[in-house]
Amino acid sequence: MRLSQMLFVTLREDPAEAEIPSHKLLLRAGYIRRIASGVYAYLPLMWRVLKKVSQIVREEMDATGALECLLPQMQPAELWQESGRWDTYTKTEGIMFSLTDRQQREMGLGPTHEEVITAVARDTIRSYRQLPLHLYQIQTKFRDEIRPRFGLMRGREFIMKDGYSFHADVDSLKQTYQDMYQAYSNIMSRCGLAFRAVDADSGAIGGSGSQEFMILAEAGEDEVLYTEDGKYAANVEKAVSLPPDAAVSPFTKYEKRSTPGTDTIDKLCQFLQCSPTTVVKNVLYQVVYNNGLTLLVLISIRGDQDVNEVKLQNELTRLAPNYEAKTLVALKVPDADEQQKWAAKPLPLGYMAPNLADDYIAEQKQLHGQFLRLLDPTAKDLTNFVTGANEAGYHVVGANWGKDFLPAAVVDLRKAKAGDAAIHDPSQTLQSARGIEAGHIFQLGTKYSQAMGATYTSETGEEKPLVMGCYGIGVSRLAQAAVEQSYDQDGIIWPVAIAPYHVIICIPNITDTAQVEIAEQLYTELRQVGIETLLDDRADRAGVKFKDADLIGIPYRIVPGRAIKNGKVELVTRSTRTSEEIPITDVVSTLKQRLTV
Ligand code: ATP
Ligand code: MG
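Residues numbered from 1 in each chain as written. Chains lettered and ligands numbered in written order. Predicted model: local features only at pLDDT ≥ 70, side-chain atom pairs only at ≥ 80, totals over all residues. Heavy atoms only, no water.

Student: Would you mind going over the nonpolar core with me for this structure?
Tutor: One broad rule of soluble globular proteins: the nonpolar side chains tend to lie buried together. Core analysis: the largest hydrophobic core is formed by 64 residues, its most contacted members being Leu-26, Tyr-31, Met-46, Tyr-184, Leu-478, Trp-494 and Ile-552. Counting residues per element, this core draws most heavily on helix 2 (residues 44-63), which supplies eight residues. Each of domain 1 (3-240 + 432-483) and domain 3 (501-596) contributes no fewer than three residues to this core. Once you skip the residues sitting within four places of it in the chain, Ile-552 turns out to touch Phe-8, Ala-29, Tyr-31, Leu-45, Ile-492, Trp-494, Ile-504 and Leu-534. Listed in part, the 26 residues of the second largest apolar core include Tyr-89, Met-96, Tyr-456 and Met-468. (Core = buried A, V, L, I, M, F, W, Y, C linked by side-chain atoms within 4.5 Å. Buried < 20%, exposed > 50% of the residue type's maximum accessible area, 1.4 Å probe, protein only. Helix = DSSP H or I, 4+ residues; strand = E, 2+ residues; numbered from the N terminus. Domains from an automatic or database assignment. Contact = heavy atoms within 4.5 Å.)

Student: What's the story with the environment of Asp-376 in this structure? I'm lost.
Tutor: Summarising the element assignment, Asp-376 is placed in the loop between strand 17 (372-375) and helix 10 (377-380). Asp-376 sits 74 residues away from Arg-302 along the chain, and the two C-alpha atoms are 7.7 Å apart. A distance of 2.5 Å separates the side chain of Asp-376 from the side chain of Thr-378, its partner in a polar contact. (Polar contact = N/O pair within 3.5 Å; in protein donor to acceptor, adjacent residues only side chain to side chain.)

Student: Even after reading the chapter, I still don't get the domain arrangement of the protein chain, so can you show me in this structure?
Tutor: Note: interface size is frequently given as the accessible area lost on complex formation between the parts. For the protein chain, the assigned domains read domain 1 (3-240 + 432-483), domain 2 (255-410) and domain 3 (501-596). Computed over C-alpha atoms only, the centres of domain 1 and domain 3 are separated by 38 Å. Taken residue by residue, the interface counts 14 residues in domain 1 and 14 residues in domain 3. Taken together, the two surfaces of domain 1 and domain 3 that pack against each other cover about 1,200 Å², and 59% of this comes from carbon and sulfur. Looking at the side of domain 1 facing domain 3, the largest losses of area belong to Leu-3, Arg-12 and Arg-48, adding up to 41% of the total buried there. On the surface where domain 1 and domain 3 come into contact, there are three salt bridges. The closest approach of N and O atoms between Arg-12 and Asp-548, which form a salt bridge, is 3.2 Å. In this assembly, domain 1 and domain 3 are joined by eight residue pairs in polar contact (both at pLDDT 80 or more). Elements with a contribution of two residues or more to the side of domain 1 that touches domain 3: helix 1 (21-28) and helix 2. It is helix 2 that provides the largest number of residues to the side of domain 1 that touches domain 3, a total of three residues. (Buried area = accessible area lost by both parts, 1.4 Å probe. Salt bridge = Lys/Arg side-chain N within 4 Å of Asp/Glu carboxyl O.)

Student: What is the right way to read the layout of surface pockets from this model?
Tutor: Over the atoms, a rolled probe matching the size of one water molecule traces out where space is still vacant. In this structure, the second largest pocket occupies an estimated 360 Å³ of space. What lines the second largest pocket is a set of 21 residues, and nearest its centre among them are Asp-263, Asn-282, Gly-350, Tyr-351 and Met-352. Sorting the residues of the lining of the second largest pocket by element identifies helix 7 (265-272), strand 14 (280-289) and strand 18 (385-388) as the ones contributing at least two each. Sorting elements by how many residues they give to the lining of the second largest pocket places strand 14 first, with five residues. The residue makeup of the lining of the second largest pocket, split by class, is 11 nonpolar, eight polar and two charged. (1 Å grid on protein atoms, 1.4 Å probe; cavity = no way out; pocket = protein on both sides within 12 Å on 5 of 7 lines; lining within 4 Å. Points joined across faces, edges and corners; volume = space filled by probe spheres on them. Nonpolar A, V, L, I, M, F, W, Y, C, P; charged D, E, K, R; others polar.)

What follows is the structure, given as structure tokens:
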């Protein structure tokens, strides 16, 4: 392609709307344009990258025997009502765009396709003989994200490959899941990305298997904890670890102490000269269930530890039926305004004990009258501990479970963190890295097939729900993540496999006919052997062209400059910035060789 004939518009300055390098670079280099919040136009260079990523995904999926299809983006509300997700997705969570058609029927734009695919399976799969079956598609998804940001990283309209597999039993699901793990690893490697597969939270559905493929980059929204031995890696939401040992409590006698001005763990430990590992801290959360009920949760956890809100959310979802609810609508630490709404009297904040009385909760409809008390194992294991006295300015010391406080239900709610010892080998400490979630593989089980009545007849003639798996890759997110992982001060450095073009020929001076002639000749020859080549034949100065070539990140640049009189051109490698002079006659063979390695 000739740049003079391309829609080629680069920006010298960083666009104000972009925060992270990859977003700035894609805008500056003319790959994308913002049309609305989280909605982007993929310009011709970007579309080439996206097609390359899609093709790699397609090849690896096809190699596993999965079948490509294309499902509707416009989906009827009824299907989502069958699975029970319509209200949560369109209202409480609000992630799904919905609309009403001219016949007053409600429709939604697909944020994901479990419902549609399960409906297809219900209609078409009859017998175990048709199983296993795996269908996938590469398509635009719509999600009304709360905070669309970072360009293609978190869009409201984006491209995803999503696949769904159907099985007669869990063993077969596990086999396909394993194949997907391999396929996803191949996709990441072929795209030239440094990645890590990590254990992921599978939400309240539980299920044994869920992993995310994280592209390692500072700007990643996710934190990954891993060990150097390569045997453990997990999203911090899911990670487990051994907490550091607790110190021996300096208090042996139970007593109430005056501890003025110690409403934080730090101040308290300073004042009492004790370790935070000897303190039981009591943290208040407020949850609203889908039936409108507000429940207050009091968590007792060791002073040096924090609550993992994803674990808490899963536990509260699990307990939802106890409160005649199905899902959570909101979960947060109640601020002063929130407390005002339900507290019968001012709370002893900073001095609360595990037995904070239920009469702090006002009598109100839609407000559960008792605290749900949960005890993390780190706190359960303490003896002679320090905790609040339910009175501002006072704590108790030397307290023990069973004697001074009734232990509540023990639930692991602790957030693992960098520096903790690993469970599989305590000599390994957890390290932290940032990652961009590019893919997610998930053993779904029978959640959707059961809800929607998608069954098959087994070998023994029984009618059974289909066992399902689902597997997603964010194609557009992955493409931008590749930039986040590979750029320098001058621009993008595309991995060869997904670069929009392999080579750019920059003619330093288009009024020099000798230069133009060599450039045209190489342009033709390179394309003849299938090397994707751009020709910068614009009338601009050489410096401008070199800057643009660096900015758009084409792996190799050829410059037919002064050296052509010696039968040579300059070859610049974008990633290493090395420049060499090579004979014009060797250009095609040299590039052919470098591009296949
Ligand atoms: P996240 O936690 O980042 O919101 P998710 O858990 O909602 O992701 P999935 O529903 O598993 O994501 O979707 C599969 C893949 O689609 C993700 O791994 C990610 O690569 C991509 N993806 C999800 N949401 C977006 C988005 N808003 N913009 C771009 N890509 C996305
Ligand atoms: Mg999401």
